[in-house]
Amino acid sequence: MGRLIIISNRLPFSIDKTGEGLIVRQSSGGLVSALKSFFERRGTDSFANQYSEEIWVGSVDSTEEDWRSAEAEGLIDADFIIEPIFPPPALYNGYYTGFSNSAIWPLFHYFPTLVEYKKEYFEAYLKVNQLFADKIASIYEPGDVIWVHDYQLMLLPNMLRQRMPEASIGFFLHIPFPSYEIFRLMPSDWKRALLEGLLGADLVGFHTYDYVQHFVQSAKMIVKVESQFNTIYYNNRVVKADQFPIGIDYEKFRDASLDETVVGISSALEEKFYDQKILFSVDRLDYTKGLEHRLESFEIFLALYPEWRERVVFILNVIPSRDSIPTYNERRKLIEERVSTINGKYSTLQWQPLIYRYNHLSFDELCALYQVADVALITPLRDGMNLVAKEYIASCIDKGVLILSELTGAASELNEALIVNPTDTTEVANAINQALIMPLMEQRSRLSYMQRRLAEYDVLRWLKDFLEQLSASKKDQDALRI
Ligand code: GDG
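Throughout this description, residue numbers start from 1 for each chain and increase along the sequence as written. Reporting of local features is limited, given that this is a predicted model, to residues whose pLDDT is at least 70; pairs of side-chain atoms are given and counted only at 80 or more, and all residues count toward the totals for whole chains, interfaces and linings. The basis for the side-chain values is all heavy atoms of the structure; hydrogens and waters are excluded.

Draft legend 1. A look at the overall build of the protein chain. When helices and strands are counted, the protein chain shows 17 helices and 17 strands. The globule rule is 2.2 Å times the number of residues to the power 0.38, and the radius of gyration it is compared with is taken over C-alpha atoms. By the compact-globule yardstick of 23 Å for 482 residues, the protein chain fits well, its C-alpha radius of gyration being 23 Å. Projected onto the principal axes, the alpha-carbon positions of the protein chain cover approximately 75 × 50 × 45 Å. Residue exposure (1.4 Å probe, protein chains only): buried if accessible area is under 20% of the type maximum, exposed if over 50%, otherwise partly exposed. Within the protein chain, the fraction of its 482 residues that count as buried is 56%. In this analysis, two residues are considered to be in contact whenever any of their non-hydrogen atoms come within 4.5 Å of each other. Pairs at least 24 residues apart make up 77% of the contacts formed inside the protein chain by residues separated by at least 6 positions. Each accessible area is a Shrake-Rupley result for a 1.4 Å probe, and residues are judged covered by the shown protein chains and nothing else. Of the accessible surface of the protein chain, which amounts to about 20300 Å², a share of 49% is contributed by carbon and sulfur atoms. Residues scored as positive are Lys and Arg, those scored as negative are Asp and Glu, and His as well as the terminal groups of each chain are ignored. Charge positions come from single atoms, namely NZ of Lys, CZ of Arg, CG of Asp or CD of Glu. Mean positive and mean negative side-chain charge positions of the protein chain (49 and 67 charges, respectively) differ by 4 Å. Numbered from the N terminus, helices here are DSSP runs of H or I no shorter than four residues, and strands are runs of E no shorter than two.

Put into structure tokens, the structure is as follows:
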């Protein structure tokens, strides 16, 4: 029985050094909760039992010394083996802030004008990918299954393939793969390296069918591979590309409605806003999330539908993110100015249209907000999937309307949402009105279709589907060699 090696840029822990000592927090992203559910089923689920051990490899946001002290104090508690990597801070900066988030992220989200093509960024990206490859090569044993995650590590599958030709290697991209016409904007050596990097895997997964097609098309045009549907023939190997739309831990969000703390928060909110409808959104502060367009839409809505003034409140939560990157920091100012303008223009002595928060929410607060929101306004300009949309649907009990951007991966699954184009701010304003007047029967009917789908294809199913197909691809690969 082999082991499962998960690799992501960051380990799911952060370490804070405070006056009282080290504080370790386990982060709660989609991947962490997927793996947690998976591990919890060890013993009851034959699939979850098939690996002898799970190992998570990732970098750490602290010094090696702090990490080792936290380990020695028993503060790092996980039901998997942890293999930390400590890239030197300057190198990490070039790799993460630089190539990953100032080149790949904007380009893959269709913001080519924000891309910074700097040679030193690419070199740092290469070196940090190499550090990951060294670490994995040092722990790899034949029979292990390797699963690499996301855009920070696109060179890694091929680096591993060079050193471990027989290994079973999967890769999953959490962001969009852009169309060839966008991807080709990247300098030739780099775009080729990224594609060849991914082609080192046996299976390359994406959220949607479109992303799969874009990747295959780019591989054909740039690396000149042969392909048949989603199967690519490269260097005497078969590489499969396929769609695996990530799900959520559906039960966790549905059951939060029974949790005492969550109910306490949601009751207080309902009492406070008893005479108002609640619009809600939560996103990281990122230009891809379309926050400025969203605010403009809300302003147009207040102008076009004056009957809703004093009867609706928009709770806008923005989560701090990547604030060392100038484009992110500048955005914050623009958003805050816009919020003040709208509040200044429309507030009365008794009412304020926008409640803006720039802070992290606790899980309980997040669930309570999902539950009380009459409308969720999820309007990114581009998003690989968007889990918030799915979590909102799972949390709705007997009411709720989702307004969703057509430019998210989630839009291809959540057809019963009100689908909008976020750049058409008048369309979004009209959709807000449509959502607010939608009869409860219609709301419930739309919700139930989406909820059924999300309950069935949850995050655990996503994880299993990927790993099962990886194992099948490996068998095909071995058959080819015989
Ligand atoms: C990337 C891709 C893709 C957010 N604020 C708080 C909070 N969250 C949680 C949400 C959700 C997650 O963070 C955000 O996920 P998204 O999918 O919406 O967006 P990204 O962070 O950009 O994720 C994206 C995803 O990877 C998965 O493949 O869907 O397209 O960009 O789970 O609940 N959680 C808490 N407080 C917050 O304030 N507790």
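Don't stop here, the text continues.
Draft legend 2. Main features of the nonpolar core. One finds F38, L402, L404, W462 and L467 to be the most contacted residues of the largest nonpolar core, which totals 75 residues. Sorting elements by how many residues they give to this core places helix α17 (residues 459-481) first, with seven residues. Excluding residues within four positions of it along the chain, W462 makes contact with L31, A34, W147, H149, F172, H174, F244, P245, I246, G247 and Y457. Nonpolar cores are built from buried Ala, Val, Leu, Ile, Met, Phe, Trp, Tyr and Cys residues. Side-chain atoms within 4.5 Å join them into one set.

Draft legend 3. View of the sheet that holds strand β14 (residues 354-358). When DSSP finds two or more bridges between a pair of strands, those strands are recorded as paired. Strands sit in the order β14-β13-β12-β15-β16-β17 across an open sheet of six strands; the sheet is parallel. Only two strands of the sheet have a single neighbouring strand rather than two, namely β14 and β17 (418-420). For this sheet, the mean angle separating the axes of adjacent strands, direction not counted, is 15°. As judged from the four bridges shared by strand β15 (residues 375-378) and strand β16 (residues 401-405), these two strands associate in the parallel manner. Its bridge partner lying in β16, A376 is registered against L402. Contacts between helix α11 (residues 291-304) and the sheet are confined to β12 (277-284), β13 (312-319), β14 and β15, with β13 contributing the most and set at about 170° to the helix. Lines are fitted to the C-alpha atoms to define the axes, a helix being fitted only along its stretch in contact, and any angle between axes, read from their N-to-C directions, falls within 0 to 180 degrees.

Draft legend 4. Here's a closer look at the sheet that holds strand β1 (residues 4-10). With mixed pairing, nine strands are arranged side by side in an open sheet as β5-β4-β1-β6-β7-β8-β11-β10-β9. Edge strands, defined here as strands with exactly one partner in the open sheet, are β5 (81-85) and β9 (226-228). When the angles between neighbouring strand axes are averaged without regard to direction, this sheet yields 20°.

Draft legend 5. Structural context of the environment of R161. Relative to the helices and strands, R161 is located in helix α5 (residues 156-163). Once the C-alpha coordinates of R161 and A201 are considered, the two residues, 40 residues apart in sequence, prove to be 7.4 Å apart. Residues in contact with R161, not counting those within four places in the same chain, are E166, A167, I169, G200, A201, D202 and R237. What qualifies as a polar contact is a pair of N or O atoms within 3.5 Å, subject to a donor-acceptor requirement within protein and to the restriction that residues adjacent in sequence count only when both atoms come from side chains. Within polar-contact distance, the side chain of R161 engages the backbone oxygen of G200 at 2.8 Å. Within the structure, the side chain of R161 is placed 3.1 Å from the side chain of D202, a separation counted as a polar contact.

Draft legend 6. Inspection of helix α16 (residues 440-456) at higher detail. Helix span is expected to be 1.5 Å times the residue number reduced by one. Helix length check: α16, at 17 residues, gives a terminal C-alpha distance of 24 Å against a target of 24 Å (1.5 Å per residue), a fit within 8%. For α16, the set of buried residues is Q443, L447, M450, Q451 and L454. Each buried residue of α16 lies within a common arc of 110° when the element is viewed along its axis, so the set occupies one face. Turned more than 90 degrees away from the buried face of α16, the exposed residues are M441, R452 and E456. Each element contacted by the buried residues of α16 is listed here: α9 (250-255), α14 (387-395), β16 and α15 (425-437). By arc we mean the arc of the directions from the helix axis to the C-beta atoms, nothing more.

Draft legend 7. Structural view of the packing of helix α7 (residues 188-198) against helix α8 (residues 209-223). With their axes 10 Å apart at the nearest point, α7 and α8 run at an angle of 120° to one another. Accordingly, the angle class assigned to the pair α7 and α8 is oblique. The crossing of α7 and α8 is left-handed. Across from K191, R192, L195, E196 and L198 in α7, the residues of α8 making contact are F215, S218, A219, I222 and V223. Just so you know how the angles are binned, under 35 degrees is roughly parallel, over 145 roughly antiparallel, 65 to 115 roughly perpendicular, and the rest oblique. Left-handed describes a crossing whose near helix is turned anticlockwise from the far helix by less than a right angle; the clockwise case is right-handed.

Draft legend 8. Highlighting the site of the ligand. The rule for a residue being near a molecule or strand is that one of its heavy atoms must lie within 4 Å of it. If you check the shell around the ligand, you find 21 residues, and the closest are H174, L361, D383, L387 and E391. For the ligand, a nitrogen atom lies 2.6 Å from a polar atom in the backbone of L361. E391 is positioned such that a nitrogen or oxygen atom in its side chain is 2.5 Å from an oxygen atom of the ligand. Here the ligand loses 85% of its free accessible area of 730 Å² to cover by the protein chains.

Draft legend 9. How the structure looks around the pairing of β1. Of all seven residues in β1, six are buried, a share of seventy percent or more. Sheet topology note: the β1/strand β4 (residues 54-59) ladder contains five bridges and is parallel. In the strand pairing of β4, I7 is matched with V57. Examined bridge by bridge, β1 and strand β6 (residues 145-149) share four bridges and lie parallel to one another. In the strand pairing of β6, I7 is matched with V148.

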